[in-house]
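Spelled out, the chains give:
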Amino acid sequence: MEELFRVENVCMAFGKKEVLKNINLGIRRGEIFALIGPSGAGKTTLLRILNLFEKPVCGTLIFNGLDTGKTLRRRMSLLFQTPVVFNASVFENVAYGLKVRGFDKRIIEKKVVEALNTVGLPGMGKEKARMLSGGEAQRMAFARAIVYDPEILLLDEPTSNLDPANVANIEDIIKRIRDERGTTIVIATHNIHQVRRIADRVGVLLNGELIEVNSKDGIFTAPQDERSAAFIRGEMIY
Amino acid sequence: MSSTEFLIQGISKAFELIFSLNPYILSITGVSIKVSGTATILATLTAIPLAYALAFLHFRGRQALIALVNTGMGLPPVFVGLFIFIMLVPAGPLGFANKIFTPQAMILAQYILVTPIITGISLAAIKAVPKPIIETVYTLGGNWKEAIIMTFREARFGIITAILAGLGRALAEVGAILIVGGNIAYTGSVGGIGEGASYTRTLTTAITSETSKGDISTSIALGIILISLNLSINMLANFFQRRG
């Protein structure tokens, strides 16, 4: 598979605290790449760097065939762990990214309806977004993130606050988006079972260090690093 | 006559004055609304951009300005009135403008009193918008202008409440406008309004003068109108607070 973007020698610090150390990572077009590791490992920070929210202290991001800056950000989407809901209707929430891009009203309506159908919220456009349940709000946030067909979808522990039924639903949506639209997806998670269910490849972050990148099968059957193996076994690896 | 009878008689006369659309009462109410409304509009035009600047821009003196705004929220009106009086009297630095004892001087006084209130409450509403909301605007391809618009949308009920609080404060204010406005009503008939049409007399300043003259029923009528206006504003503010 063609490499879509590459992170080279990236490091990050907040004050004196070093949160990412010399990260080298290539993400392939159309894959679901899972970033795993315990809480505080640096997963969210790495996603924020990929989304150009944070400027790394050192290192570079190389996007194959993509511009940098605002244009690039418009070709990707980041979904937070806790669903962010604008104080507006579901329709207005989902339509936001399209309006920002200046889409025609009719196209916006069509795409919003499609996105709501994709995430299993058909006919809910007129509902007040703040009245949705946690699972519905996360699915609405998903619809808002995918409605403009981003090439890269960055997901920061999108199911950590959801019940098993909603987790299954979101995972199904993730797989369908990749299969049907060819979206490249990077998902940060500490849920090993989720990795087994949806990921193609896996990177293990520990204390800001990327200790292993492997295929899904590889990480579960023959991990290259003893600390990765321990994490997979569910042991504390701090 | 007992004090209760006195009060009942006053209230009944007050309603008579209100429902007969007494020109004196109407002109005073008109001046109140015009002065306080204009001051609130001008204060809003200053306060909202200022609140945004204080919320989003990091510049030298920002903390000092926030402290100034917070102090300004509790400014004693009589002090503001005295300050503007000194500025506008013929011997003062702005005496050449010849604006002392005019509605413009009253608007200036209320503008100074109301701007910090609208700024302070708006700033709190803007800062209460969760950071992830703004970050989501950026993740969805928005820029800083769209982030500001989104913040306004999210904080709109708080900002409207701030404006209404400012208007309420302006309408209820008496100390500053009494000093710089002079509580002037025309003698004789002016513009068809009749005897005593207001020039700088407002609901609050008229209550003080009518009470000192002993015209309690007129004072009560003016008080009822003032309370009704402020009650309406507070109900509106409460409505927007609940929606927010």
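See the structure above.
Residues numbered from 1 in each chain as written. Chains lettered and ligands numbered in written order. Predicted model: local features only at pLDDT ≥ 70, side-chain atom pairs only at ≥ 80, totals over all residues. Heavy atoms only, no water.

1. Structural notes on the overall build of chain B
Secondary structure assignment for chain B yields 10 helices and zero strands. Its helices and strands in sequence order give chain B the pattern α-α-α-α-α-α-α-α-α-α, from N to C terminus. Taken along its principal axes, the extent of the C-alpha atoms in chain B is 70 × 45 × 35 Å. Every one of the 244 residues in chain B was classed for burial, and the buried ones make up 47%. Of the contacts formed within chain B by residues at least 6 apart in sequence, a portion of 73% connects residues at least 24 apart. Only carbon and sulfur atoms are counted for the fraction: they give 70% of the accessible area of chain B, which is about 12,000 Å². (Helix = DSSP H or I, 4+ residues; strand = E, 2+ residues; numbered from the N terminus. Buried < 20%, exposed > 50% of the residue type's maximum accessible area, 1.4 Å probe, protein only. Contact = heavy atoms within 4.5 Å. Areas by Shrake-Rupley, 256 points an atom, 1.4 Å probe, with all protein chains shown as cover.)

2. Things to note about the overall build of chain A
Secondary structure assignment for chain A yields nine helices and nine strands. Computed over C-alpha atoms, the radius of gyration of chain A comes to 18 Å, within 12% of the 18 Å expected from 2.2 N^0.38 for 238 residues, which places it in the range of a compact globule. By its C-alpha atoms, chain A is 50 × 40 × 35 Å across when sized along the principal axes. Looking at chain A as a whole, 56% of its 238 residues are labelled buried. Of the contacts formed within chain A by residues at least 6 apart in sequence, a portion of 67% connects residues at least 24 apart. Accessible surface, chain A: about 10,600 Å² in total, of which carbon and sulfur atoms supply 49%. When the 34 positive and 29 negative side-chain charges of chain A are each reduced to one mean point, those points stand 5 Å apart. (Rg over C-alpha atoms; globule rule 2.2 N^0.38 Å. Lys, Arg positive; Asp, Glu negative; His and termini not counted. Charge placed at Lys NZ, Arg CZ, Asp CG, Glu CD.)

3. Some details on the side chain of Thr139 of chain B
With respect to the element layout, Thr139 of chain B can be found in helix H6 (residues 131-139). Assessed through its relative accessible area of 1%, Thr139 of chain B is described here as buried. Apart from the residues within four sequence positions on either side, Thr139 of chain B is in contact with Asn51, Phe53, Arg73, Met76, Ser77, Leu78, Phe80 and Tyr148 of chain A.

4. Some points on empty space enclosed by the protein
Applying the stated criterion across every chain yields a total of one cavity of 30 Å³ or more. Computed from the structure, the largest cavity encloses a volume of approximately 70 Å³. What lines the largest cavity is a set of 14 residues, and nearest its centre among them are Leu78, Leu79, Ala141 and Arg144 of chain A together with Thr136 of chain B. Elements supplying a minimum of two residues to the lining of the largest cavity: strand E5 (76-79) and helix H5 (134-146) of chain A together with H6 of chain B. Of the residues forming the lining of the largest cavity, the biggest block, four residues, is contributed by H5 of chain A. Classifying every residue of the lining of the largest cavity by side-chain character gives eight nonpolar, five polar and one charged. (1 Å grid on protein atoms, 1.4 Å probe; cavity = no way out; pocket = protein on both sides within 12 Å on 5 of 7 lines; lining within 4 Å. Points joined across faces, edges and corners; volume = space filled by probe spheres on them. Nonpolar A, V, L, I, M, F, W, Y, C, P; charged D, E, K, R; others polar.)

5. Here's the deal with the environment of Arg201 of chain B
Residues and elements named next belong to chain B. Its location among the elements puts Arg201 in the loop between helix H8 (175-181) and helix H9 (203-213). Remark: the alpha-carbon pair of Arg201 and Thr29, spanning 172 residues in sequence, is separated by 8.8 Å. Residues contacting Arg201, with those up to four places away along its chain left out, are Tyr24, Ile28, Val31, Asn183, Ile184, Ala185, Ala206, Ser209 and Glu210.

6. A few points about the interface of chain B and chain A
Contacts between chain B and chain A engage 17 residues on the former and 24 residues on the latter. Across the interface of chain B and chain A, roughly 1,700 Å² is buried in total on both sides, 53% from carbon and sulfur atoms. For the chain B face of the interface with chain A, the top three residues by lost area are Glu135, Thr139 and Leu140 of chain B, together amounting to 35%. Counting the contacts that link chain B with chain A gives three salt bridges. Arg48 of chain A is the salt-bridge partner of Glu135 of chain B, the closest N and O atoms lying 2.7 Å from each other. Counting across the interface, chain B meets chain A through seven residue pairs in polar contact (both at pLDDT 80 or more). Elements represented by at least two residues in the side of chain B that touches chain A include exactly H6 and helix H7 (144-172) of chain B. If you tally residues by element for the side of chain B that touches chain A, the top one is H6 of chain B, at seven residues. (Buried area = accessible area lost by both parts, 1.4 Å probe. Salt bridge = Lys/Arg side-chain N within 4 Å of Asp/Glu carboxyl O. Polar contact = N/O pair within 3.5 Å; in protein donor to acceptor, adjacent residues only side chain to side chain.)

7. A few points about the pattern of salt bridges
Once the charged atoms of two side chains with opposite charge are near each other, the side chains can pair. All names here are of chain A. Across all of its chains, the model carries 22 salt bridges over all chains by this definition. Note that Asp172 is salt-bridged to Arg176, the shortest N-O span being 3.3 Å. Taken together, the residues span about one helical turn, with Asp172 and Arg176 both in helix H6 (residues 164-181) at a distance of four residues. Taken together, the shared-partner salt bridges connect Glu2, Arg29, Arg75 and Glu151 into one network.

8. Notes on helix H3 (residues 62-72) of chain B
Given 3.6 residues per helical turn, the α-helix brings residues three or four places apart onto the same face. Residue and element names in this part refer to chain B. Along H3, the residues classified as buried are Arg62, Ile66, Val69 and Gly72. Each buried residue of H3 lies within a common arc of 125 degrees when the element is viewed along its axis, so the set occupies one face. H3 presents Gln63, Ala64, Leu68 and Thr71 as exposed residues on the side facing more than 90 degrees away from its buried surface. The secondary structure elements touched by the buried residues of H3 are helix H2 (23-56) and helix H5 (103-127). (Arc of directions from axis to C-beta.)

9. Brief notes about the nonpolar core
Ranked by size, the top nonpolar core spans 108 residues in total, and within it Ile23, Leu35, Ile36, Val94, Phe142, Ile174 and Val186 of chain A carry the most contacts. In contact with Val186 of chain A, not counting residues within four places along its chain, are Phe5, Ile27, Phe33, Leu35, Leu47, Leu50, Leu153, Leu154 and Leu155 of chain A. Grouped together as the second largest cluster of nonpolar side chains are 16 residues, Val31, Met106, Ala176 and Val180 of chain B included. (Core = buried A, V, L, I, M, F, W, Y, C linked by side-chain atoms within 4.5 Å.)

10. Some words on a nonpolar patch on the surface
Residues and elements named next belong to chain B. Where nonpolar side chains cluster on the molecular surface, the patch consists of Phe56, Leu57, Phe59, Trp144 and Ile148 and spans about 470 Å² of accessible area. Relative to the helices and strands, Phe56 resides in helix H2. Overall, the relative accessible area of 32% leaves Phe56 in the partly exposed class. (Patch = residues over 30% accessible without salt bridge, like charges linked within 9 Å, V, L, I, M, F, W, Y side chains within 5 Å.)

Don't take any of this as a statement about function, it's just geometry.
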